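The residues making up each chain are set out below.
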Amino acid sequence: MHTNLIAALLAIAATCTSASTIPQIQSRDTCPGIATFQVTDYTWGCSPGGCSSNFNLVAAAGYRKGAPGFNVECSPIFIQQLWVPCRNADGSELPANSRVEAIWTQGPERERQFLGAAHIYQTEDGKTINATGRNDILAERVPVNFLFPVTIIS
């Protein structure tokens, strides 16, 4: 009996984890209780100098307890494979106590793009929180919408 319960719980966890890597065109949680960042209008392109992408990234205030919301534009560059600061829609920087960064890295499957987004913010009591989501998507040439499930909190 105890073994069956553990197996069932592991199956549920595996389903939520594997579902989080599937691109989500609609705005919904892949697993209840997991916060998400919403990506809209993801586009990308390459030149002889490398590949870059651009997308809007949004999270409502309180997506997790005490988290401020954000609405930014991100432009990670594949060749750099480093975290790049996202900016407000008007091009201005975010405040130091609530910033958002994005990354585009190389993954095991060449036809997919491996992306990440991190929201680093300070709580009212001065603690710094890093909420990070990752996703991989098929490299389509049309604007794509998907979710970053926030699976790492540190």
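Placed above this text is the structure.
Residues numbered from 1 in each chain as written. Predicted model: local features only at pLDDT ≥ 70, side-chain atom pairs only at ≥ 80, totals over all residues. Heavy atoms only, no water.

Undergrad: Help me understand the environment of P149, please; the structure alone is not making it clear to me.
TA: Looking at where P149 falls in the secondary structure, it is placed in strand β9 (residues 144-153). In this structure, the C-alpha to C-alpha distance between P149 and A117, residues 32 residues apart in sequence, is 9.6 Å. (Helix = DSSP H or I, 4+ residues; strand = E, 2+ residues; numbered from the N terminus.)

Undergrad: Help me understand the side chain of Q113 in this model?
TA: For Q113, the location among the structural elements is in strand β7 (residues 112-122). You can call Q113 buried: its relative accessible area is 3%. Polar contacts involving the side chain of Q113 include one to the side chain of Y42, which spans 2.3 Å. (Buried < 20%, exposed > 50% of the residue type's maximum accessible area, 1.4 Å probe, protein only. Polar contact = N/O pair within 3.5 Å; in protein donor to acceptor, adjacent residues only side chain to side chain.)

Undergrad: Can you help me understand the pattern of salt bridges in this one?
TA: Enumeration according to the criterion identifies three salt bridges in this entry. Between E93 and R87 there is a salt bridge, with the nearest N and O atoms lying 3.3 Å from each other. Look at E93 and you get exposed, because its relative accessible area is 59%. R87 sits in the partly exposed class, given a relative accessible area of 33%. (Salt bridge = Lys/Arg side-chain N within 4 Å of Asp/Glu carboxyl O.)

Undergrad: Help me understand the state of the cysteines, please; the structure alone is not making it clear to me.
TA: Applying the stated criterion across every chain, the model contains two disulfides. Bridging C46 to C51, the disulfide has an S-S length of 1.9 Å. Between C46 and C51 the sulfur-sulfur dihedral comes to about 105 degrees; the bridge is accordingly right-handed. Here C46 falls in the partly exposed class, since its relative accessible area comes to 45%. The class for C51 is buried, based on a relative accessible area of 16%. The disulfide partner of C74 is C86, and the gap between their sulfur atoms is 2.1 Å. The S-S bond linking C74 to C86 shows a torsion near 110 degrees; that makes this disulfide right-handed. Taken together, the residues C74 in strand β3 (residues 70-74) and C86 in the loop between β4 (84-85) and β5 (87-88) connect sequence positions twelve residues apart. (Disulfide = S-S within 2.5 Å.)

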